[in-house]
Structure formats: C-alpha cells, structure tokens
Amino acid sequence: EADIYQTPRYLVIGTGKKITLECSQTMGHDKMYWYQQDPGMELHLIHYSYGVNSTEKGDLSSESTVSRIRTEHFPLTLESARPSHTSQYLCASKPTGAYGYTFGSGTRLTVV
Amino acid sequence: EDQVTQSPEALRLQEGESSSLNCSYTVSGLRGLFWYRQDPGKGPEFLFTLYSAGEEKEKERLKATLTKKESFLHITAPKPEDSATYLCAVQADSNYQLIWGAGTKLIIKP
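Residues numbered from 1 in each chain as written. Chains lettered and ligands numbered in written order. Predicted model: local features only at pLDDT ≥ 70, side-chain atom pairs only at ≥ 80, totals over all residues. Heavy atoms only, no water.

1. Overview of the overall build of chain A
When helices and strands are tallied, chain A shows zero helices and eleven strands. Mapped in sequence order, the helices and strands of chain A form the string β-β-β-β-β-β-β-β-β-β-β. By the compact-globule yardstick of 13 Å for 112 residues, chain A fits well, its C-alpha radius of gyration being 13 Å. In terms of principal-axis extent, the alpha carbons of chain A reach across some 40 × 30 × 25 Å. The proportion of buried residues among the 112 residues of chain A is 46%. For chain A, long-range pairs separated by at least 24 residues make up 52% of all intrachain contacts whose partners lie at least 6 apart in sequence. (Helix = DSSP H or I, 4+ residues; strand = E, 2+ residues; numbered from the N terminus. Rg over C-alpha atoms; globule rule 2.2 N^0.38 Å. Buried < 20%, exposed > 50% of the residue type's maximum accessible area, 1.4 Å probe, protein only. Contact = heavy atoms within 4.5 Å.)

The structure is reproduced here in structure tokens:
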C-alpha cells in the first residue's frame, strides 16, 4: 500500500543531542516537505525538496538540516536539540502538478 | 501579508446539528484553497481543493464553498466520527508554499 512513514513516533532526548527524524514514502512523489506543528497552531514549513539533490529552507528552518539522496527518503536532522525544539514534526509529499499533500503520522519530539 | 484565519477555534455540536466552519484569507492572488482533516496523533488528511470563487465540492456530509475572501466548510447532519480538527490552507500566486490556518476543533456529541 502506498504511504508515507515517519519514525520514531515519539522521542524524548536531552539537550544538546543530535537526532535524525526519518521520513519515507512509497508513492514516487517528487516533492517532499517537513512541517512543525504546535497544539492549536498553524503548520510552519521547515524544509522542502522538489526532487533528488534539491533542498530548500522554509520560513522556520529551526537550526535543522535535510537531505534528499533518494526520491523516497527525506530525513530531518537536528544537530543540537534544545527545549525550544519540542514540537510535533510532520512530513508530507505530493507529486508534481497535483495539490493534495499526503502526510505522515508525525514525530512528537520532547527535548528535556 | 498573506494570511489565513479560521473561526471558530472550537465548535461543539450535537449529532445531527448542521453548521459551518469559516476560513478567511488575504492573499495577493489565490492559486488554490485546501481543506484538511486532522485526527489526534495523526497527520492532516486531504479533503478538498478549491480554485475559484463560486466553486463547490462535496464529500459525504461535507461541502466546501469558496468566495473571493473566504471559504466555508458546511457539515450536514454530522456524526461523532466527524469529530476532528479541520485545517484550511491557501496557496498564493506569489509563493507556491501553503499558508495554513490554526484550525477549527469540531466535537460532535452523540
């Protein structure tokens, strides 16, 4: 079944740790996105990619980096986690030309 | 500045009580307006895309409409399973990235 997968679902880590949030999709979509969502707030775009070897920063890059070496894989890395990074991180994808995004179930990150 | 505002923040209805959710937007030129449903602990699920004023789309008990300044998501005879947060987003001609509203949390009581 075509889908988009995020791991881990929940993560609690200490301040200063380096972490990578994984996102993979099996639909062959060109475009992929990382969003940050706090309860009751808007989604904020962190990074996006229009294809392999293409990455761009969104409005809220939040000291994170991404890579797009394979079409299906779009990991997000926080080099040094801070309590302000505590949030839900959502990965999404869509094919070129279509407007409906497909979202993963998210990673809820807590930095203590 | 491009902006999306959803109202109300929360809405509690009895099962079968129809109502509407509002999404007001300010963009330089509208490329598309999108409605999503989000259940607790999950990512948003795509519902509709609207492109021009006067357009309407329907799916089961939901109907989305669009004017030049706002969109409504009408819910007819809702059921408890319609309980969720409904998100609105717009895409402007000047920027291909979506601008999101904060959502309306809908609770349908049996």
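2. A closer look at the interface of chain B and chain A
Residue-level contacts link 19 residues of chain B with 19 residues of chain A. When chain B packs against chain A, close to 1500 Å² is buried across both sides, 53% of that on carbon and sulfur atoms. Looking at the side of chain B facing chain A, the largest losses of area belong to Gln97, Trp100 and Ala102 of chain B, adding up to 35% of the total buried there. At the surface where chain B touches chain A, the tally comes to zero salt bridges. For the pair chain B and chain A, the number of links is five residue pairs in polar contact (both at pLDDT 80 or more). Elements that contribute at least two residues to the side of chain B that touches chain A include exactly β4 (30–38), β5 (45–50), β9 (84–92) and β10 (95–100) of chain B. For the side of chain B that touches chain A, the class distribution of residues is ten nonpolar, seven polar and two charged. (Buried area = accessible area lost by both parts, 1.4 Å probe. Salt bridge = Lys/Arg side-chain N within 4 Å of Asp/Glu carboxyl O. Polar contact = N/O pair within 3.5 Å; in protein donor to acceptor, adjacent residues only side chain to side chain. Nonpolar A, V, L, I, M, F, W, Y, C, P; charged D, E, K, R; others polar.)

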